[in-house]
Protein chains: 2
Amino acid sequence: MTAVNRKIVLASRPEPDATLDNFRLEEGPVPTAAPGQVVARNLYLSLDPYMRGRMSAAKSYSAPVEIGGTMIGGAVARVESSTVPGFAPGDIVESMAFGWQDYAALAPQDLRKVDPDLAPISTALGILGMPGMTAYFGLLETARPKAGDTVVVSAASGAVGGTVSQLARIAGCRVVGIAGGADKCRYVTETLGADVCLDYRAEENLQAALAEACPNGIDVYFDNVGGEITDAVFQNLAMRARVIVCGTISHYAHGGAYSGPSLLRPILVSRAQVTGFLVFDWKHRYPEGAERIARWLKSGDLVYKEDVVDGLENAPEAFLGLLTGKNFGKLVVKVAD
Amino acid sequence: MTAVNRKIVLASRPEPDATLDNFRLEEGPVPTAAPGQVVARNLYLSLDPYMRGRMSAAKSYSAPVEIGGTMIGGAVARVESSTVPGFAPGDIVESMAFGWQDYAALAPQDLRKVDPDLAPISTALGILGMPGMTAYFGLLETARPKAGDTVVVSAASGAVGGTVSQLARIAGCRVVGIAGGADKCRYVTETLGADVCLDYRAEENLQAALAEACPNGIDVYFDNVGGEITDAVFQNLAMRARVIVCGTISHYAHGGAYSGPSLLRPILVSRAQVTGFLVFDWKHRYPEGAERIARWLKSGDLVYKEDVVDGLENAPEAFLGLLTGKNFGKLVVKVAD
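A. Highlighting the environment of Ser122(B). All names here are of chain B. As for its position among the elements, Ser122 is in the loop between β7 (112-113) and α2 (130-143). The spacing of Ser122 and Glu306 is 184 residues in sequence and 8.7 Å in space, taken between C-alpha atoms. Look past the residues within four positions of Ser122 in its chain and what remains in contact with it is Tyr44 and Glu306.

What follows is the structure, encoded as structure tokens:
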């Protein structure tokens, strides 16, 4: 076991594109557990699009990472030492407050126990974690599709989008995914069971392709990307469409400030309802979501895909790939065995 | 009484700005009432922003006006002849299907009787008509502000915005209007009772002015204009803000296709809910809205302002003024005594 704690800090802010130079690997002492704390060893680090928002100084859900501060991020970890009743060495925990590092000292309110018998522990970062909860509460509780609705999902092969695609299928909807590349599209239709998947890289006119794939218009759009894909979708909304704004990852390629045609007119004409969604608002109901998803995993109705990168030192490069859609499945970094 | 029916037809489509050349005055015979029809004489013609949408061929709520077709529009009219039981010569009626003309033959389903004892009959086009219903159902039923909310209204001195401002005040909200010019702003605060009114023509930085006027953020935004004003508002949304997209009149100055910074990110960060609103969806509940508004008119809690232009031939010029905010109050054309 290493005697040092490696951590990846934010060296500088993207201007405007995120690059490897924005990150720096540092080494420091392994923390010890102060009273009321648990020290845990990172096993799997989660890489997620929201982290890009924290790298910039602009207003977002919460404060940006400070220059020189450890990159924020969730992890599945093993308890090494504990002064907290109920957490013992060897326990597997998940924490959103872990950070891109080997070890962290954490308060119990930032810890969630993971049952290793339920599913592989890395799923606590994926389909049984934040992305799965995002799909569950964003689609089923917020968009509330009804059977027969046409549901369009962007980033349809991703951690969130892949689960949304399947939940929409389970809910009796016509599912039209949007993804980048033939491999991802094949996965969305053949493995996830979507009716159609449009490859936005290959389509010359995505708006026309959506019109063809959704002859009765789009009742629900679960948006993980924003940008030009979203512009094309909004031109095909059905009356009383519901749009979940869950992520805007494509905007970062425009320096975080994408400009495009105003979406107000299609919202008005379709009497659409567009809702910003953040999964943390549903924290109090995670157990319900996880229980249902675990049931569908067990029955085989839901499947998931992971993209596992080895080694904490490779997290920055893997993260940059995530921003341009290079990963295929939920991206996690295997930090230790 | 004139023996001819004057009508204003759409001569050409705006490319991209609407001009006087897009309209043409024609004369034809006065229609006669076929079985099941009423012929009525136009007294007041309503001019409203939505008409601009019908001049273009682009997708909107309903089909565009054909080239050579009579401009669509609501009017208050007097029944001249009738083959429909319940409608007798001399009755005052309101019809959204009237058009920019002296006379129209109308089916009873397109007619609503107006009680001349309730209020001046022209109010059937304003605070007791479509604009008033828009304010009532858009604000109170769709945005559903609660006492203490900060409500921002664009075009706050207009037919819809002026009523929204007052309804928000009645509902116990902090009301911040946005209007063009010192006179309109004075009217919004002094007569309509808004707490603040920002003059978007005078403010160098509307976003900063809104931040100052709304220190706790904007809980409800009732948007009648779109464009840059809306962009500034979205940067000041409070958590769980509700936005009613009611009109996008400013987009017509951009050829109908305004481009600007994506609003997805503020929607996401604020977990806002943005809803397209069209008053016709609430037609079945107009009597309820009109009854409540009439009560507030009687008590003096609600006031209204009309901008009356004389003569059907002046409708095109008055309408172009409406698109650039030259009118002050609900714009109606007095067609006959």
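From this point, things continue past the structure.
B. The pairing of strand β5 (residues 92-95) of chain B, seen in detail. Residues and elements named next belong to chain B. With burial as the criterion, each face of β5 is covered, one bearing Ile92 and Glu94 and the other bearing Val93 and Ser95. Both strand β4 (residues 75-82) and β5 contribute to a ladder of four bridges, which runs antiparallel. What sits directly across from Val76, in β5, is Glu94. Pairing analysis gives two bridges linking β5 to β7, with the strands arranged antiparallel. Bridging from a neighbouring strand, Val93 pairs with Lys113 of β7.

C. Seen up close, the confidence of the model for chain A. Mean pLDDT for chain A: 95, with 98% of residues reaching 70 or above. Scored as a whole, the predicted complex attains pTM 0.91, and scored at its interfaces, ipTM 0.88.

D. View of the sheet that holds strand β11 (residues 218-223) of chain A. Across the sheet, 12 strands lie side by side as β10(A)-β9(A)-β8(A)-β11(A)-β12(A)-β14(A)-β14(B)-β12(B)-β11(B)-β8(B)-β9(B)-β10(B); this open sheet has mixed pairing. Looking at the sheet topology across the chains shown, the edges are occupied by β10 (196-199) of chain A together with β10 (196-199) of chain B. Ignoring which end each strand starts from, the neighbouring axes of this sheet average 15° apart. One ladder, built from four bridges, connects strand β12 (residues 237-245) of chain A with strand β14 (residues 273-276) of chain A; its direction is parallel. Bridge pairing links Ile244(A) to Thr275(A) in β14(A). This element, helix α6 (residues 227-234) of chain A, spans β8 (150-154), β9 (174-179), β11, β12 and β14 of chain A of the sheet and lies at about 170° to β11(A).

E. Spotlight on the side chain of Ser262(A). Within the element layout of this structure, Ser262(A) appears in the loop between β13 (259-261) and α7 (264-270). For Ser262(A), a relative accessible area of 16% puts it in the buried group. A polar side-chain atom of Ser262(A) sits 3.1 Å from the main-chain amide nitrogen of Leu264(A). The contacts of Ser262(A), once residues within four sequence positions are left out, are His251(B), Tyr258(B) and Ser259(B).

F. Main features of the relation of the copies chain B and chain A. Of the transformation placing chain B onto chain A, the axial shift is 0.0 Å and the rotation is 180°, giving an RMSD of 0.0 Å. Overall, the copies show the geometry of a two-fold rotation axis. Distance from the rotation axis, computed per C-alpha, reaches its smallest value in chain B at Val274(B): 2.4 Å. Looking at chain B, 100% of its interface residues are interface residues in chain A too, so the copies touch through the same face.

G. Molecular detail of the domain arrangement of chain A. All names here are of chain A. According to the domain assignment, chain A contains domain 1 (4-126 + 305-334) and domain 2 (130-280). Taking only C-alpha atoms into account, the centre of domain 1 sits 28 Å from that of domain 2. Counting from both sides, the interface comprises 22 residues of domain 1 and, opposite them, 16 residues of domain 2. In this assembly, domain 1 packs against domain 2 so that about 1500 Å² is buried in total across both faces, 64% of it on carbon and sulfur atoms. Joining domain 1 to domain 2, the criterion identifies zero salt bridges. The interface formed by domain 1 and domain 2 holds five residue pairs in polar contact (both at pLDDT 80 or more) in total. Among the secondary structure elements, those contributing two or more residues to the side of domain 1 that touches domain 2 are α1 (50-55) and α9 (315-323). Among the elements that make up the side of domain 1 that touches domain 2, the one with the highest residue count is α1 (three residues).

H. Main features of the side chain of Glu94(B). Along the chain, the position of Glu94(B) falls in strand β5. The residues contacting Glu94(B), other than those within four sequence positions of it, are Ala75(B), Val76(B), Asp110(B), Leu111(B), Arg112(B), Val114(B), Ala124(B) and Leu125(B).

I. View of the packing of α2(B) against helix α3 (residues 159-170) of chain B. Residue and element names in this part refer to chain B. Remark: α2 packs on α3, axes separated minimally by 8 Å, with the N-to-C direction vectors making an angle of 45°. Here α3 runs oblique to α2, going by the angle between their axes. When you trace α2 past α3, the crossing you get is right-handed. Between α2, through Pro131, Thr134, Ala135, Tyr136, Leu139 and Leu140, and α3, the contact on the second element is made entirely by Ala159, Val160, Thr163, Val164, Leu167 and Ala168. Its residues assigned to classes, the contact of α2 with α3 comprises 10 nonpolar, two polar and no charged.

J. Local environment of the interface of chain B and chain A. Taken together, the 35 residues of chain B in the interface contact 35 residues of chain A. Buried surface at the junction of chain B and chain A, summed over both partners, amounts to about 2900 Å²; 55% is from carbon and sulfur atoms. On the chain B side of the contact with chain A, Leu264(B), Arg265(B) and Leu268(B) bury the most area, a combined 23% of that side's loss. Linking chain B with chain A are four salt bridges, by the criterion used here. As a salt-bridge pair, Asp281(A) and Arg271(B) come within 2.8 Å of each other at their nearest N and O atoms. One can count 15 residue pairs in polar contact (both at pLDDT 80 or more) joining chain B with chain A. Breaking the side of chain B that touches chain A down by element, the ones donating at least two residues are α6 (227-234), β12 (237-245), β13 (259-261), α7 (264-270) and β14 (273-276) of chain B. Of all the elements, α7(B) adds the most residues to the side of chain B that touches chain A, at five residues. By residue class, the composition of the side of chain B that touches chain A is 16 nonpolar, 13 polar and six charged. With three bridges joining them, β14(A) and β14(B) adopt antiparallel strand pairing. In the sheet register, Thr275(A) faces β14(B), and the bridge partner there is Gln273(B).

The rules we used
- Residues numbered from 1 in each chain as written.
- Chains lettered and ligands numbered in written order.
- Predicted model: local features only at pLDDT ≥ 70, side-chain atom pairs only at ≥ 80, totals over all residues.
- Heavy atoms only, no water.
- Helix = DSSP H or I, 4+ residues; strand = E, 2+ residues; numbered from the N terminus.
- Contact = heavy atoms within 4.5 Å.
- Buried < 20%, exposed > 50% of the residue type's maximum accessible area, 1.4 Å probe, protein only.
- Pairing = 2+ DSSP bridges.
- pLDDT = per-residue confidence, 0-100.
- Axes fitted to C-alpha atoms, helices over the stretch in contact; angles between N-to-C directions.
- Polar contact = N/O pair within 3.5 Å; in protein donor to acceptor, adjacent residues only side chain to side chain.
- Least-squares fit on C-alpha atoms with pLDDT ≥ 70 in both.
- Domains from an automatic or database assignment.
- Buried area = accessible area lost by both parts, 1.4 Å probe.
- Salt bridge = Lys/Arg side-chain N within 4 Å of Asp/Glu carboxyl O.
- Parallel < 35°, antiparallel > 145°, perpendicular 65-115°, else oblique.
- Left-handed = near helix turned anticlockwise from the far one by under 90°.
- Nonpolar A, V, L, I, M, F, W, Y, C, P; charged D, E, K, R; others polar.

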